[in-house]
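One-letter residues, chain by chain:
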Amino acid sequence: MLLRNAMDLLDEGVLISNEEYTITYVNPAYVKMFQLEEERIVGEKLNHLYPDVAPENRVLSKSIQEKKDIDSEGVEFQWKDMDMVLHIYTKRFIHEGENFVLIRIFNMTEQSKREKELIHMIEEMTANIVTIAKGYALLPLQPILREEQRHILLERVPVLCQEQNVSRLAIQFSGITSIDEEWAVLLKNLMMSLKLLGIEVVLAGMRPQVVMQFAENHIQLDGVRTFMNVQQATKYFLETGLKPTFK
């Protein structure tokens, strides 16, 4: 009774089922999470309650069939008018000679939504291609604060340049205050990818301390044009390329 009272106070959803998938207990948090009525759940078969759950999301069934406890994160679950993201744990136990499975469910929907919004914001900041004129664009570099930003630069910038029909790209360095060997490798790989796509790349707006770090770390960017600022890079594009069409 003490254990049941304790589970009733938990913020996470708790459900207990026997190996015949009959629900023997749910706590108030579970009832609230799935907008159910406790008296209509206990004694019900789990597959009757959730008949349309995708096979890969049947965590309790997997726990019973494979006879092991499961920790499943990021489970996408559609229920009524809700699109939920759940973190589900199962724990098998024996009570009075009968096998049961306890399920703990954390609703991560809002957290997942915030993480997706953050990732989208990071993508927009990290790989923001600004059109100068038709075929000409600017990439304002931002400091690398998260590892995924490296992948975003390498993966998204070439794709965005192709989608926007960019043939000449100025990489703006004014937002970068320091570089290291990893930065240099990232820059070289990015420029190589763009070059293979037939895109001319120039660098603009390097700070004096960054230039010194390039020299101190023996970082060479052979054959790459550099300019003091974006205005000079833009002038170079306009004077040496086909006459652009401004939007």
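Refer to the structure above for everything that follows.
The rules behind each value
- Residues numbered from 1 in each chain as written.
- Predicted model: local features only at pLDDT ≥ 70, side-chain atom pairs only at ≥ 80, totals over all residues.
- Heavy atoms only, no water.
- Axes fitted to C-alpha atoms, helices over the stretch in contact; angles between N-to-C directions.
- Helix = DSSP H or I, 4+ residues; strand = E, 2+ residues; numbered from the N terminus.
- Parallel < 35°, antiparallel > 145°, perpendicular 65-115°, else oblique.
- Left-handed = near helix turned anticlockwise from the far one by under 90°.
- Contact = heavy atoms within 4.5 Å.
- Buried < 20%, exposed > 50% of the residue type's maximum accessible area, 1.4 Å probe, protein only.
- Phe/Tyr/Trp six-rings, centres within 6.5 Å; stacked < 30°, edge-to-face > 60°.
- Lys NZ or Arg CZ within 6 Å of the ring centre and 35° of its normal.
- Pairing = 2+ DSSP bridges.
- Salt bridge = Lys/Arg side-chain N within 4 Å of Asp/Glu carboxyl O.

**Considerations on the packing of helix α6 (residues 147–163) against helix α7 (residues 181–196)**
Step number 1: Their axes nearest at 10 Å, the elements α6 and α7 cross at an angle of 20°. Comparing their axes, α7 and α6 come out roughly parallel. For α6 against α7, the interelement crossing comes out right-handed. Facing R150, L153, L154, V157, P158 and C161 of α6, the residues of α7 in contact are E182, W183, L186, N189, L190, S193 and L194.

**Thoughts on unusual backbone geometry**
Step number 1: You will see that Y21, though not glycine, has its phi angle at about 65°, which is positive.
Step number 2: Relative to the assigned elements, Y21 resides in the loop between β1 (13–18) and β2 (23–26).
Step number 3: Of the residues examined, Y21 reaches a relative accessible area of 21% and is grouped as partly exposed.
Step number 4: Located in the positive-phi region is K67, a residue other than glycine, with phi close to 55°.
Step number 5: Looking at the secondary structure, you find K67 in the loop between α4 (59–66) and β3 (71–79).

**As for the packing of aromatic side chains**
Step number 1: Enumeration according to the criterion identifies 11 aromatic pairs in this entry.
Step number 2: Seen in terms of ring centroids, F34 and F77 are 5.8 Å apart; in terms of plane orientation they differ by 80°. Their pairing is edge-to-face. Here the residue F34 occupies a position in the loop between α2 (28–33) and α3 (46–49), and F77 occupies one in strand β3, the gap between them amounting to 43 residues. Accessibility classification places F34 together with F77 in one group, the buried group.
Step number 3: With a centroid separation of 6.4 Å and an interplanar angle of 45°, the aromatic rings of F173 and W183 are classed as tilted. Here F173, found in the loop between β8 (168–172) and α7, pairs with W183, found in helix α7; they are 10 residues apart in sequence, far enough to count as distant. Each member of the pair, F173 together with W183, is buried.
Step number 4: One aromatic cluster in this structure is built from Y30, F34, Y50, F77 and W79.
Step number 5: The cationic tip of R104 hangs over the ring face of Y89; the distance from NZ or CZ to the ring centre is 5.2 Å.
Step number 6: Positioned above the aromatic ring of Y136, the side-chain terminus of R168 is 5.7 Å from the ring centre.

**What about the sheet that holds β8?**
Step number 1: The strand order across the open sheet formed by five strands is β6-β7-β8-β9-β10, and the pairing between neighbours is mixed. The two strands at the open ends of the sheet, each matched to only one other strand, are β6 (130–133) and β10 (225–227). On average, each strand axis in the sheet is tilted by 30° relative to the strand beside it, whichever way the strands run.
Step number 2: Each of β6, β7 (136–140), β8, β9 (200–204) and β10 is contacted by helix α9 (residues 230–240), which is oriented at about 170° to β8, the strand it contacts most.

**Some thoughts on the environment of E73**
Step number 1: Structurally, the position occupied by E73 is in strand β3.
Step number 2: Its relative accessible area of 64% is what places E73 among the exposed residues.
Step number 3: With 30 residues separating them along the chain, E73 and I103 place their C-alpha atoms 13 Å apart.
Step number 4: The contacts of E73, once residues within four sequence positions are left out, are L86 and H87.

**Focus on the pattern of salt bridges**
Step number 1: Counted by the stated rule, this structure contains five salt bridges.
Step number 2: In this structure, the salt-bridge partner of D69 is K91, at a minimum N-O distance of 3.5 Å. Of this pair, D69 sits in the loop between α4 and β3 while K91 sits in strand β4 (residues 82–95), placing them 22 residues apart in sequence.
Step number 3: The partly exposed category is assigned to D69, whose relative accessible area is 38%.
Step number 4: Salt-bridge contacts for E182 lead to R150; the nearest nitrogen and oxygen are separated by 3.0 Å. Note that E182 is positioned in helix α7 and R150 in helix α6, a separation of 32 residues in sequence.
Step number 5: Owing to a relative accessible area of 14%, R150 belongs among the buried residues under this scheme.

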